[in-house]
Amino acid sequence: MRLTNHPILGEAEARREVTFTFDGRAMTGFEGEPVAAALKAAGVVVHRYTKKNRSPRGVFCAIGRCTDCVMTVNGRPNVRTCVTPLEDGMAVATQYGAGEEAK
Amino acid sequence: MTRYDVIVVGAGPAGLSAAAEAAAAGARVAVFDENAKPGGQLFKQIHKFFGAKEHKAKIRGVNIGAELLAEAEGLGVTVFLNAPVMGLYKDREVLVRHADAVRRYKGDAVVVATGASENMLTFPGWTLPGVTGAGAAQTMMNINRVKPGHRVLMLGSGNVGLVVGFQLLQAGCELAAVVDAAPRVGGYGVHAAKLARTGVPFYLSHTVVRAEGTDRVTGVVVGQVDDTWNVIPGTEKRFDVDTICIAVGLSSSTQLLKMAGCALRDDGAGWLPVCADDGETSMARVYAAGDVSGIEEASSAMIEGRIAGAAAVRKLGFVTEEALAVRMAELESALESLRGGMFAPGRRGKIPDKTDEGLPISASLLSRGYLDDAEVDQYPGVKKTAGIRPVIECTQNIPCNPCRDACPKGCIKVEGGIVSLPVYDEKAGCAGCGLCVAACSGQSIFLVDDDTGGGAAEVTIPYEFLPLPGEGERGVALSRSGAALCPAEVVGVKQSPAYDKTALVTFRVPQEFAMKARFWRKEAVV
């Protein structure tokens, strides 16, 4: 899913690879890219399940507006993954409901 | 509380332009933006802009963004990032949330340039992962450099849908179709034609019936609508897609203006601030500029920003009334020329039958996304002359003229305003340099040589995809509708800094296809 080369944007510049976990599974991404981008590149599309109907949600607006992509990051629920920069060692987890289970 | 002469909310095209304009007059300017990076949506616009030189036409949005940011910073503008503005109060007090604290600021003038957000469309399955805004797809591929999906359906044929659709192809995604409930393509015909010639089908008068999938989108069903917008049973079609992009318009982000108490008006599609010509709202020295004051293009947002910035510094006494009048005349005429043509804001929804020149507007272009082969000859950019010549398939009055400035021979005329159709002046003598092909933001200019000997003709097309074909490579020539016409060998591939990443690919076809072949595709490996 990564665009290493692009007809207009050219070759992607070198970025530092970091390791993070998604639901305990080790993954890699680039430091500073949105968490949602790292997940997308790794093929993860379900970010959370809603409180009442347990229906899946993913990235919708990608600019921090809609809050559909929120997840539990480092134990903290409701983090907008589309605007949160990825850090080395981050623990990213699927959020259930409003994140009550995170505690 | 920290005081600034001018506080700008939003570091997008309008905000940065307002800041630069005010700072150039000597004002102390601060810009607050909630994002980690400045530029708003400008850095994801990787296509060449329309307009004239004064609107930075034929420059890609991403490069305009870099230029604008450098200008603002060079003039001493302070840009605060990760700094959402939480409130705008009486006497222009601005409350900002920084990482460490919430701080109060005071602006002698405030320019609100908060932009817009994408409209949504609800249908069964619309909340599934894989249904995204078209802008979201653009952010993913052009900023984050991750493909939004493998196979995508675009809902909406306005300029956003068409431009993002093309960018999806550039990112290597497949575009299954462009679907719009309206009976006509909503955006520029040239943008539609770019997609159609690669083989993307248009389904006008169609809407989405449902998205399929349990945990993610695995398909989509669309159907034809009747004149009451209901799906006609039996017309449903299914597409295998993993992504559905929604491009059904934008709504101005007026929340901050509303909380401040600025008067708003209902323009039929949403609430907009009541503004004077210079952008001043009902609150003294509070200005609105860019999409927040009405949805238009980034090019107009930049001028509106400059108008608001100029008006603000005049109010604060940084420039004289005379100096302001001169600058305003300049800016207003630039804005006026962008607002002309058949897609002008005032004309929204009303498509004329004829161009300003009295030529028919192609019904095929509006309903299928491409010109009918038989219609092409009637436009003034298309003339049959011997030897190499430009064929300008620009058939709608849109504000754009870089083709005229590109031609070193003066072959192309755009006279009587920038919305006029370009005219090919055969007497000037085309040298075949291809600068017009690369300069056309709508990619609607081709070079054609009807007779290169042995019954062959050569067609040169703008090409912005990877991989670039090589000379001698064999492929297939496609028609305006994307149908395979005939085998075609690539005989030239030109790249140049002057073309700005648009390659020129020349391929050879039998003569009868010279005026039909408009795209080249590598032969599928069997």
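Residues numbered from 1 in each chain as written. Chains lettered and ligands numbered in written order. Predicted model: local features only at pLDDT ≥ 70, side-chain atom pairs only at ≥ 80, totals over all residues. Heavy atoms only, no water.

Participant: Help me understand the domain arrangement of chain B, please; the structure alone is not making it clear to me.
Facilitator: Frequently, the measure chosen for interface size is the accessible area removed from exposure when the parts meet. Residues and elements named next belong to chain B. Split into domains, chain B comes out as domain 1 (2-117 + 251-338), domain 2 (120-246) and domain 3 (376-522). For domain 1 and domain 2, the distance between their C-alpha centres works out to 32 Å. Between domain 1 and domain 2, the contact holds 7 residues from the first and 12 residues from the second. Interface area lost by domain 1 to domain 2 is led by Lys-44, Ile-46 and Phe-50, which between them contribute 64%. Applying the counting rule to domain 1 against domain 2 returns 0 salt bridges. Where domain 1 touches domain 2, the interface holds 5 residue pairs in polar contact (both at pLDDT 80 or more). (Domains from an automatic or database assignment. Contact = heavy atoms within 4.5 Å. Buried area = accessible area lost by both parts, 1.4 Å probe. Salt bridge = Lys/Arg side-chain N within 4 Å of Asp/Glu carboxyl O. Polar contact = N/O pair within 3.5 Å; in protein donor to acceptor, adjacent residues only side chain to side chain.)

Participant: Is there a simple way to explain the packing of helix H3 (residues 134-143) of chain B against helix H4 (residues 159-170) of chain B in this structure?
Facilitator: Each pair of packed helices can be described by the angle between their axes along with the distance between the axes. Residues and elements named next belong to chain B. The geometry of H3 relative to H4 is characterised by a closest axis approach of 10 Å and an angle of 30° between their N-to-C directions. Comparing their axes, H4 and H3 come out roughly parallel. Here H3 and H4 pass one another in a crossing that is left-handed. Here Ala-134, Ala-137, Gln-138, Met-141 and Asn-142 of H3 lie close against H4, whose contacting residues are Val-160, Val-164, Gln-167 and Leu-168. In terms of residue class, the contact of H3 with H4 is built from 6 nonpolar, 3 polar and no charged. (Axes fitted to C-alpha atoms, helices over the stretch in contact; angles between N-to-C directions. Helix = DSSP H or I, 4+ residues; strand = E, 2+ residues; numbered from the N terminus. Parallel < 35°, antiparallel > 145°, perpendicular 65-115°, else oblique. Left-handed = near helix turned anticlockwise from the far one by under 90°. Nonpolar A, V, L, I, M, F, W, Y, C, P; charged D, E, K, R; others polar.)

Participant: How should I be thinking about the interface of chain A and chain B in this particular structure?
Facilitator: Chain A puts 31 residues into the contact, and the matching count from chain B is 37 residues. Looking only at chain A, the three residues that lose the most surface to chain B are Leu-3, Ile-8 and Phe-60 of chain A, adding up to 25% of its buried area. Scanning the region where chain A abuts chain B turns up 8 residue pairs in polar contact (both at pLDDT 80 or more). Within the residue set of the side of chain A that touches chain B, elements represented by two or more residues are helix H1 (35-41) and strand E4 (56-57) of chain A. Ranked by the residues each element gives to the side of chain A that touches chain B, the list is headed by H1 of chain A, at 4 residues.

Participant: Mind showing me how you'd approach the packing of aromatic side chains here?
Facilitator: Describing an aromatic ring pair means giving the distance of the ring centres and the angle of the ring planes. Residue and element names in this part refer to chain B. The full count for this structure, using the stated rule, is 13 aromatic pairs over all chains. When the ring of Tyr-463 is compared with that of Phe-465, the centres are 5.5 Å apart and the planes differ by 75°; the resulting orientation is edge-to-face. Of the two residues examined, Tyr-463 and Phe-465, each falls in the buried class. The rings of Tyr-4, Phe-32, Phe-80 and Tyr-105 are connected pair by pair, giving a single aromatic cluster. When the ring centre of Phe-446 is taken as reference, the NZ or CZ atom of Arg-518 above it lies at 4.9 Å. (Phe/Tyr/Trp six-rings, centres within 6.5 Å; stacked < 30°, edge-to-face > 60°. Buried < 20%, exposed > 50% of the residue type's maximum accessible area, 1.4 Å probe, protein only. Lys NZ or Arg CZ within 6 Å of the ring centre and 35° of its normal.)

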